[in-house]
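Summary of the model geometry
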Amino acid sequence: MLDSLLLGAGQIFSLTTLTFMLLGSIAGIVAAAIPGFTVTMAIILTLPLTFSMPPLQGIAVMLSVYVGGYTGGLISAALLGIPGTPSSVATTFDAFPMARAGQPGRARSLVIWAAFFGTVSSTVVLIVAAPPLAIIAVKLGPWEYFSLIVFALTIIASLVAKSLLRGLMAGAIGLAISTVGPDPMMGRPRFDFGVEMLAPGLPFLVVLIGIFAISQLVSEVEDARAVRSGTSLATKDIDFQTWAVMREILMRPVNLVRSSIVGVLIGALPGAGGSIANLLAYDQAKRASKTPEKFGTGIADGVVASEAGNSATAGGGLIPMIALGIPGSAVDAILMASLMVHGVSVGPRLILDHADLVYGMFVAMIVSSLMMLVVCLASMRLFLRVTEIPKWVIVPVVIVCCVVGSFALNNRVTDLYLLGFIGVAGYALRALDYPLAPLVLGVILGPIAETNLRRALMTDADWTVFLTRPVSLLLLVAAVLSIGWAIWKHRKSTLRKEAGV
Amino acid sequence: MTPGVTPGEGGDTPGGLPGIEVMEAGEVARLLSYVAILAGSAYLFFDARALPTSRGDVLGAGAFPQLVFATLALLAAAALAASLRKVSRQALRGFGAATVQWLRHRYLVVCVLGLFGLYLAVLPILGFSLATFGFLLVTQLLLLPRSAKAIAAAVVIALLFSFGLNALFDTVFNVFLPRGGI
């Protein structure tokens, strides 16, 4: 372990890697600082730039964007009440009232420090938990793997969806998209209908860019008056109280640790992610507080809980990816794709076959957290300028970046046509209130589910093996319970709405 | 992330349609999406049955897609049944008008998507630099507030992110963007 750690650290602490990581950290923070732009988009746009780098350098840069991006969303969340990313929704609950009450600098500093402690604590958990999990994971057969994917899919629907049925449908649409093109076992063509564009299948990064980025970008111009008003987003003359706030954070160790644990656990569940962790951590802090009525009025506990919970998912999300080869979120899926592009096979054997790479990633996480802290503290005023860029510039320019990113992946113009179609479909689904995250995770998890299902039945044609192997059974029971819980919660909330509560 | 807004939802009632009708128009739009998904998944379910199997591969290439499309069809049918209970005949009649108003209210989205489609169509012909320059310039001109300063900035940005970006990818990253046929 120590050898691998030192080997990985040696590669990370080179001037080139550190420089690229610093740029990545800045890019992540800047991208996520723009309202409506997500970490996912930032990391998608970074991916093509890492193709020519060595594997660890490439993934380290992506991680710096990842960590920076998780923190960047707080800029608009704290100052404007607009969550820069879905994962900073709860940050608006208390940070924004605090900023409006004349303490915008304190609010910003609070979230930065909470994010730093959240990320570092989740990385420590990652270092401790990922290797033993990986050892267990290699003993899992295709039955367990398939059941795990089924469980992951149920979590997506139960946690992300506003409407349970539409959440499940979005996941199924994602799975359906993954069946287009050559089948993953025998390479037989499926559902291409003789169209050249569909023959190689739908590359999931093109699907990701189309679904998330294009649909989000065009939705930014829905309000014509707002787009053409050119309003400024920055606030001037802010006192940041950086060091006083650090002490303030450290005086809340229970809240910090509890929120970080929530973030790590939620992040480790495939499909959950930061968008839920920040809300759950906030909810837990409120329940545990002696003054829950003050939550939502601009208190430090609320800010610390949401941002520590959100940032801790960064490390938590890497646990299933490193230990099991299952992406915890769309962002983790892109990190996984980055490794695949570099020829690194991601799965339970990753930590055994590429220990230096994995430990290098751990070091990169810590370094990224420090970089994020330094960059945020040193340039808080400067980053406000990004939010001044009007939408009439940002929207078309980022669309062009999406085109470049999609093309650079395979050098295929047909991928760009796919991007166009998927972007329009993504916007339509968004407008019809279908959640998009389950769809993307369906696209990612589909081929893994199919491969393992078919492999399991090729090994033993008996379907009951899925129920006789304990871990597989446990996961399937968990999947049923997860669906049952989601239905129960959904019914409860519907009944409440009907009763007018 | 901007929450999804269905036709007429989100408080805008273009054309002065009563709020309840406008909300129902959104439900009608979703109902139509369930019908489309149900029809599509049913068709693809039967299409997947024609996919061959091979020796040793118990399931074959068509089984997983069949499972997925059957699930999707069931979910769409359930959603359709639930949606039918919510939608009134009046909402069905007013759906066309509500959709037109919804689209009219979002004319910039329609324009940007149209320009994006055109950009993708001409990209292989004109090449990345020219097509991107045109797309960026026209889209910015469509969106920007009318002022000489903004127009000048739009021209500079268009040049930078078309010819500049192409040069960057060509020389630094060795990624060759489409060069065009002219």
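Residues numbered from 1 in each chain as written. Chains lettered and ligands numbered in written order. Predicted model: local features only at pLDDT ≥ 70, side-chain atom pairs only at ≥ 80, totals over all residues. Heavy atoms only, no water.

Within chain B one finds six helices and zero strands. Each helix (α) and strand (β) of chain B, taken in turn from the N terminus, gives the series α-α-α-α-α-α. Classification of the 182 residues of chain B by burial places 45% in the buried group. Considering only residue pairs separated by 6 or more positions, chain B has 63% of its internal contacts joining residues 24 or more positions apart. Within the structure as shown, chain B displays about 9,000 Å² of accessible surface, and the carbon and sulfur contribution to it stands at 70%. (Helix = DSSP H or I, 4+ residues; strand = E, 2+ residues; numbered from the N terminus. Buried < 20%, exposed > 50% of the residue type's maximum accessible area, 1.4 Å probe, protein only. Contact = heavy atoms within 4.5 Å. Areas by Shrake-Rupley, 256 points an atom, 1.4 Å probe, with all protein chains shown as cover.)

Scanning the model with the defined rule gives 10 salt bridges over all chains in all. Where E450(A) meets R190(A), a salt bridge forms, and the shortest distance between an N and an O atom there is 2.7 Å. Here the residue E450(A) occupies a position in helix α21 (residues 437-459), and R190(A) occupies one in the loop between α8 (164-178) and α9 (204-219), the gap between them amounting to 260 residues. Here E450(A) and R190(A) have matching classes, each one buried. Linking E27(B) and R30(B) is a salt bridge whose minimum nitrogen-to-oxygen distance equals 3.4 Å. Separated by three residues within a single helix, E27(B) and R30(B) lie in helix α1 (residues 19-49), roughly one turn from each other. Judged by relative accessible area, which is 11%, E27(B) ranks as buried. Here the salt bridges share partners, and the residues they tie into one network are D183(A), R190(A), E450(A) and R454(A). (Salt bridge = Lys/Arg side-chain N within 4 Å of Asp/Glu carboxyl O.)

This next bit is on empty space enclosed by the protein. Residue and element names in this part refer to chain A. Scanning the model with the defined rule gives two cavities of 30 Å³ or more in all. Every residue lining the largest cavity is listed: I44, L47, P48, F51, L205, I209, G405 and L409. Elements with a minimum of two residues in the lining of the largest cavity: α9 and α19 (391-410). A per-class count over the lining of the largest cavity returns seven nonpolar, one polar and no charged. (1 Å grid on protein atoms, 1.4 Å probe; cavity = no way out; pocket = protein on both sides within 12 Å on 5 of 7 lines; lining within 4 Å. Points joined across faces, edges and corners; volume = space filled by probe spheres on them. Nonpolar A, V, L, I, M, F, W, Y, C, P; charged D, E, K, R; others polar.)

Moving on, we come to helix α3 (residues 39-46) of chain A. An α-helix turns once per 3.6 residues; consequently, residues spaced three or four apart project the same way. For α3(A), a buried count of seven out of eight residues is recorded, marking the element as mostly surrounded by other parts of the structure. The set of residues buried in α3(A) consists of V39(A), T40(A), M41(A), A42(A), I43(A), I44(A) and T46(A).

Attention now goes to the environment of A98(B). Residue placement: A98(B) occurs in helix α3 (residues 89-105). When the C-alpha positions of A98(B) and A25(B) are compared, they lie 6.4 Å apart, and in sequence the two are 73 residues distant.

Glancing now at the packing of aromatic side chains. As enumerated under the stated definition, the model contains 12 aromatic pairs over all chains in all. Here W113(A) and F116(A) contribute two aromatic rings whose centre-to-centre distance is 6.2 Å and whose plane-to-plane angle is 85°, an arrangement assigned as edge-to-face. With W113(A) and F116(A) both in helix α6 (residues 104-137) and three residues apart, the pair spans about one turn of that helix. Judged by its relative accessible area of 4%, W113(A) falls in the buried class. Plain terms: the ring middles of Y119(B) and F135(B) are 4.6 Å apart, the flat faces sit at 10° to each other, and that makes the pair stacked. (Phe/Tyr/Trp six-rings, centres within 6.5 Å; stacked < 30°, edge-to-face > 60°.)

Before going further, it helps to examine the packing of α19(A) against helix α20 (residues 413-431) of chain A. Residue and element names in this part refer to chain A. For the pair α19 and α20, the least separation of the axes is 8 Å and the interaxial angle reads 140°. Taken as axis vectors, α19 and α20 run oblique relative to one another. The chirality of how α19 crosses α20 is right-handed. Side by side, α19 and α20 meet where C402, V403, S406, F407 and N410 of the first sit next to V413, D415, L416 and L419 of the second. (Axes fitted to C-alpha atoms, helices over the stretch in contact; angles between N-to-C directions. Parallel < 35°, antiparallel > 145°, perpendicular 65-115°, else oblique. Left-handed = near helix turned anticlockwise from the far one by under 90°.)

Taken together, the contacts link 63 residues of chain A with 69 residues of chain B. Between chain A and chain B, roughly 6,000 Å² of surface is buried when both sides are summed, and carbon and sulfur atoms account for 77% of that area. Taken as a group, F191(A), R228(A) and W392(A) account for 12% of the area that chain A buries against chain B, more than any other trio of residues on that side. Counting across the chain A and chain B interface gives one salt bridge. Notably, a salt bridge pairs R106(B) with E222(A), separated by 3.8 Å at the nearest N-O pair. In this structure, the connection of chain A to chain B is made through five residue pairs in polar contact (both at pLDDT 80 or more). (Buried area = accessible area lost by both parts, 1.4 Å probe. Polar contact = N/O pair within 3.5 Å; in protein donor to acceptor, adjacent residues only side chain to side chain.)

Residues and elements named next belong to chain A. In this fold, E248 is placed in helix α11 (residues 242-250). By relative accessible area, E248 is classed as buried at 16%. Sequence spacing of E248 and L110 is 138 residues, and the spatial spacing of their C-alpha atoms is 8.2 Å. Not counting chain neighbours up to four residues away, the residues in contact with E248 comprise R106, L110 and A300.

Let us now look at the nonpolar core. Core analysis: the biggest nonpolar cluster contains 197 residues, and Y66(A), M169(A), L318(A), I322(A), L335(A), F116(B) and Y119(B) have the highest contact counts within it. The dominant element in this core, judged by the number of residues it contributes, is helix α17 (residues 355-378) of chain A, at 15 residues. Y119(B) has contacts with V400(A), V403(A), F128(B), A131(B), T132(B) and F135(B), leaving out every residue within four places of it along the chain. Formed by six residues, the second largest nonpolar core is a distinct cluster that contains A90(A), Y282(A), A285(A) and I299(A). (Core = buried A, V, L, I, M, F, W, Y, C linked by side-chain atoms within 4.5 Å.)

What follows deals with a nonpolar patch on the surface. Residues and elements named next belong to chain B. Taken together, the side chains of I125, L126, L130, L141, I151, V155, L159 and F163 define a hydrophobic patch exposed on the protein surface, amounting to about 610 Å² of accessible area. In terms of residue count, helix α6 (residues 148-171) provides more of the nonpolar patch than any other element does, four residues in total. On the secondary structure map, F163 appears in helix α6. On the basis of relative accessibility, which here comes to 39%, the residue F163 falls in the partly exposed class. (Patch = residues over 30% accessible without salt bridge, like charges linked within 9 Å, V, L, I, M, F, W, Y side chains within 5 Å.)

Residue and element names in this part refer to chain A. Running from N to C, helix α1 (residues 2-12) and α17 point in directions that differ by 60°, and their axes come no closer than 7 Å. Classed by the angle they form, the pair α1 and α17 counts as oblique. Between α1 and α17 lies a crossing of right-handed hand. Residues S4, L5, L7, G8, A9, Q11 and I12 of α1 pack against A355, D356, Y359, G360, V363, A364 and V367 of α17. Partitioning the contact of α1 with α17 into residue classes produces nine nonpolar, four polar and one charged.

Before going further, it helps to spend a moment on the state of the cysteines. Per the counting criterion, the structure on display carries zero disulfides over all chains. C402(A) forms no disulfide, and the closest cysteine sulfur to it belongs to C401(A), at a distance of 7.0 Å. C111(B) takes part in no disulfide bond, and the closest cysteine sulfur to it belongs to C402(A), at a distance of 20 Å. (Disulfide = S-S within 2.5 Å.)

All right, on to the confidence of the model for chain B then. For chain B, per-residue confidence averages 83 on the pLDDT scale, and 86% of positions sit at 70 or higher. In this model, residues 1-18 of chain B is a region of pLDDT below 50 whose contacts with residues beyond four sequence positions or in other chains number 45 contacts. (pLDDT = per-residue confidence, 0-100.)

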